[in-house]
Amino acid sequence: MAKKGGLINRLIMGSEKSEGYARSTLPSNRWELFWDIVKGRFGKLVIINLLMLLFFIPLIALLVIRYVSLLNYGMLCPFSQGFGVGYQSVPSLAGYSESIALNVNVYVLFLLPVTVLIAMVGVSGGAYVIRNMVWTEGIFVANDFWKGIRQNVGQLLLCGALYSLLIYLDVVSYSIAGQLLAVGGGTRWVLIASRAVILVAAAFITVMFMHAITMSVTYKLTFRQLIKNSFIFSIGLLPMNVFFLLICAIPFLLLYLGSFFVAFSLVFILLVGLSFAMLVWTDYCQWSYDKFINDKVPGAQKNRGIYEKVKASDSAALKQYREQLAMTARSSLSSRPIKPITDDELQVAELPQSFRREDIIKLNESKKVIYEDNLRYIEEHKNDPEFQITEEEKQMEKEREEREKRIEKAKKELEKRNKK
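If you're wondering where the values come from, they're calculated on a predicted model, not measured in any experiment.

### Some words on the pattern of salt bridges
Here comes step 1: For the structure shown, the criterion picks out 4 salt bridges.
Here comes step 2: Taking the shortest distance from any N to any O, the salt bridge between Arg304 and Glu137 comes out at 2.7 Å. With a gap of 167 residues between them, Arg304 in the loop between helix H11 (260-292) and helix H12 (315-334) and Glu137 in the loop between helix H6 (112-134) and helix H7 (141-183) connect regions that are remote in the sequence.
Here comes step 3: Under the relative-accessibility criterion, Arg304 is labelled buried at 12%.
Here comes step 4: For the salt bridge of Lys302 with Asp295, the shortest nitrogen-to-oxygen distance reads 3.3 Å.
Here comes step 5: Look at Lys302 and you get partly exposed, because its relative accessible area is 39%.

Okay, structure coming up:
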């Protein structure tokens, strides 16, 4: 009958109430955590993405202006038109298109730092909310978004200014090398190698920039420390950085495949493109911080957001842990005398349906008598052998107090870091 009752309970309530099921559904690694967030908080990812997109509008507009400018120059210049009908003769078209690209990049992208700074305001809020999601903390998107801006916008504006300036110089340098290649100016292999170095430098700077974002919203660092640590992580984890950067860029790379992929990519980017990239990178970075940083930071918590699954080999340790908990609870109760309850001794006065002030006074006095009688019983029996705490229980109580002190200290350190 008990088995039948348990089966009916599982059919009605489900198995979520059981300890084994609950623990088995929790993410135990960063991949599971990523999919858990995507499945369980997809709506919040959409809201975060839309909030960040609002701050990316100037940057998107600048890129559109650059694209349109290149198209307009291409239509106005004599690349494939017949000469003599409205077009003057051009002696040589070598380097003509490269010269147009260079001029557009120099004059249109000159505003790139301004648009990136505006975008960084949104990134500072979105990165903070995504970090809290990866830590599986309760979030209120709008409130946490603005809180993230207030806490992190200063450093991220500096990072954005430095990054946009370096990218602008990279783009212009790449265009100059392309024009020199087209007109035959300079040594060809040197120009080709320089363009390759420029591309690698741009990718490396982007990786550093991504690391700076996640570090800024995770730790309290000076700008110098932020750049130094970002550089170290960009060098030390180079293969994994490239792998996860490519995953982050998938929605944007699909734009170059044409046809159906362009429409799919645009819809994806509008819904979760930025928040998806931020989630992938933050989840990866939290793994790297657990591995290389958090052990050295006082009060830092490792593996936030993931849970270690209990294996069959851990059953003995789990049983011992539960016994210790039971012993702790038992020691706190058994060390204090408790008077047996009997019906023929002290009674609590009952209030009639229609009571007066005198009845309330009588009730309070009866409670007071019972309380005093219990205190007297404790005082009389506190030295009885059965109520004395053993040395083992004293040691356990001491360890418990020390553990609580460490937890309180860690909480205070975490609160200081969150208030930065």
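### Quick notes on unusual backbone geometry
Here comes step 1: For Thr136, which is not a glycine, the phi torsion comes out positive at approximately 55°.
Here comes step 2: Structurally, the position occupied by Thr136 is in the loop between H6 and H7.
Here comes step 3: Overall, the relative accessible area of 33% leaves Thr136 in the partly exposed class.
Here comes step 4: At Asn303, a position not held by glycine, the phi torsion is positive, near 55°.
Here comes step 5: Checked against the element boundaries, Asn303 lands in the loop between H11 and H12.
Here comes step 6: Classification of Asn303 by relative accessible area gives partly exposed; the value is 39%.

### Considerations on the environment of Val272
Here comes step 1: By the secondary structure assignment, Val272 is in helix H11.
Here comes step 2: The spacing of Val272 and Val46 is 226 residues in sequence and 5.2 Å in space, taken between C-alpha atoms.
Here comes step 3: Excluding anything up to four places from it in sequence, Val272 contacts Phe42, Leu45, Val46 and Asn49.

### Here we look at the nonpolar core
Here comes step 1: Residues Ile130, Met133, Ile213 and Trp281 are the most contacted members of the largest nonpolar core, which totals 67 residues.
Here comes step 2: Element by element, the count of residues in this core is highest for H11, at 11 residues.
Here comes step 3: The residues touching Ile213, leaving out its near neighbours within four places in the chain, are Met120, Val123, Ala127, Leu156 and Met278.

### Regarding empty space enclosed by the protein
Here comes step 1: Inspection of the entire model under this criterion finds 1 cavity of 30 Å³ or more.
Here comes step 2: Space inside the largest cavity adds up to approximately 60 Å³.
Here comes step 3: In this structure, the largest cavity is lined by 10 residues; those nearest its centre are Trp135, Gln286, Asn294, Gln301 and Arg304.

### Regarding the packing of aromatic side chains
Here comes step 1: Enumeration according to the criterion identifies 18 aromatic pairs in this entry.
Here comes step 2: Note on Phe55 and Trp146: the rings are 6.4 Å apart at their centroids and 70° apart in plane angle, and the pair reads as edge-to-face. Of this pair, Phe55 sits in helix H4 (residues 42-76) while Trp146 sits in helix H7, and the two are 91 residues apart along the sequence.
Here comes step 3: With a relative accessible area of 45%, Trp146 lands in the partly exposed category.
Here comes step 4: Judged by centre distance (4.2 Å) and plane angle (5°), the ring pair of Tyr163 and Phe209 falls under stacked. Separated by 46 residues along the polypeptide, Tyr163 in helix H7 and Phe209 in helix H8 (residues 188-218) bring together distant segments of the chain.

### A few points about the side chain of His211
Here comes step 1: Looking at the secondary structure, you find His211 in helix H8.
Here comes step 2: Those residues in contact with His211, other than ones at most four positions away along the chain, are Ser230, Phe233, Ser234, Asn241, Trp281, Tyr284, Cys285 and Tyr289.

### Digging into helix H13 (residues 357-381)
Here comes step 1: Helix length check: H13 (25 residues) gives 37 Å between terminal C-alpha atoms against 36 Å at 1.5 Å per residue, within 8%.
Here comes step 2: Of all the positions in H13, only Leu363, Ser366, Asp373, Tyr377 and Ile378 are classed as buried.

### Some points on the confidence of the model for the protein chain
Here comes step 1: Put simply, the protein chain has an average pLDDT of 80, and 75% of its residues get 70 or more.
Here comes step 2: Taken element by element, the predicted model of the protein chain shows its lowest mean pLDDT in helix H1 (residues 2-13) (44) and its highest in H6 (95).
Here comes step 3: Across residues 1-23, confidence stays below pLDDT 50; counting only partners more than four residues off in sequence or on other chains, it has 9 contacts.
Here comes step 4: Segment residues 328-333 is flagged for pLDDT under 50; beyond a separation of four residues in sequence, or across chains, it makes 3 contacts in the model.

### Things to note about H6
Here comes step 1: With 23 residues, H6 ought to run about 33 Å at 1.5 Å a step, and its terminal C-alpha atoms sit 31 Å apart, in line with that.
Here comes step 2: Most of H6 sits out of view: 18 of its 23 residues are buried.
Here comes step 3: Two residues or fewer past H6, Thr136 is found with a positive phi of approximately 55°.

### Structural notes on the environment of Met120
Here comes step 1: With respect to the element layout, Met120 can be found in helix H6.
Here comes step 2: Classification of Met120 by relative accessible area gives buried; the value is 3%.
Here comes step 3: A sequence separation of 38 residues divides Met120 from Leu158, and the C-alpha atoms of the two residues are 9.4 Å apart.
Here comes step 4: Ignoring any residue separated from it by four or fewer positions in sequence, one finds Met120 in contact with Leu156, Leu157, Gly160, Phe209 and Ile213.

The rules behind the values
- Residues numbered from 1 in each chain as written.
- Predicted model: local features only at pLDDT ≥ 70, side-chain atom pairs only at ≥ 80, totals over all residues.
- Heavy atoms only, no water.
- Salt bridge = Lys/Arg side-chain N within 4 Å of Asp/Glu carboxyl O.
- Helix = DSSP H or I, 4+ residues; strand = E, 2+ residues; numbered from the N terminus.
- Buried < 20%, exposed > 50% of the residue type's maximum accessible area, 1.4 Å probe, protein only.
- Contact = heavy atoms within 4.5 Å.
- Core = buried A, V, L, I, M, F, W, Y, C linked by side-chain atoms within 4.5 Å.
- 1 Å grid on protein atoms, 1.4 Å probe; cavity = no way out; pocket = protein on both sides within 12 Å on 5 of 7 lines; lining within 4 Å.
- Points joined across faces, edges and corners; volume = space filled by probe spheres on them.
- Phe/Tyr/Trp six-rings, centres within 6.5 Å; stacked < 30°, edge-to-face > 60°.
- Expected span 1.5 Å × (residues − 1).
- pLDDT = per-residue confidence, 0-100.

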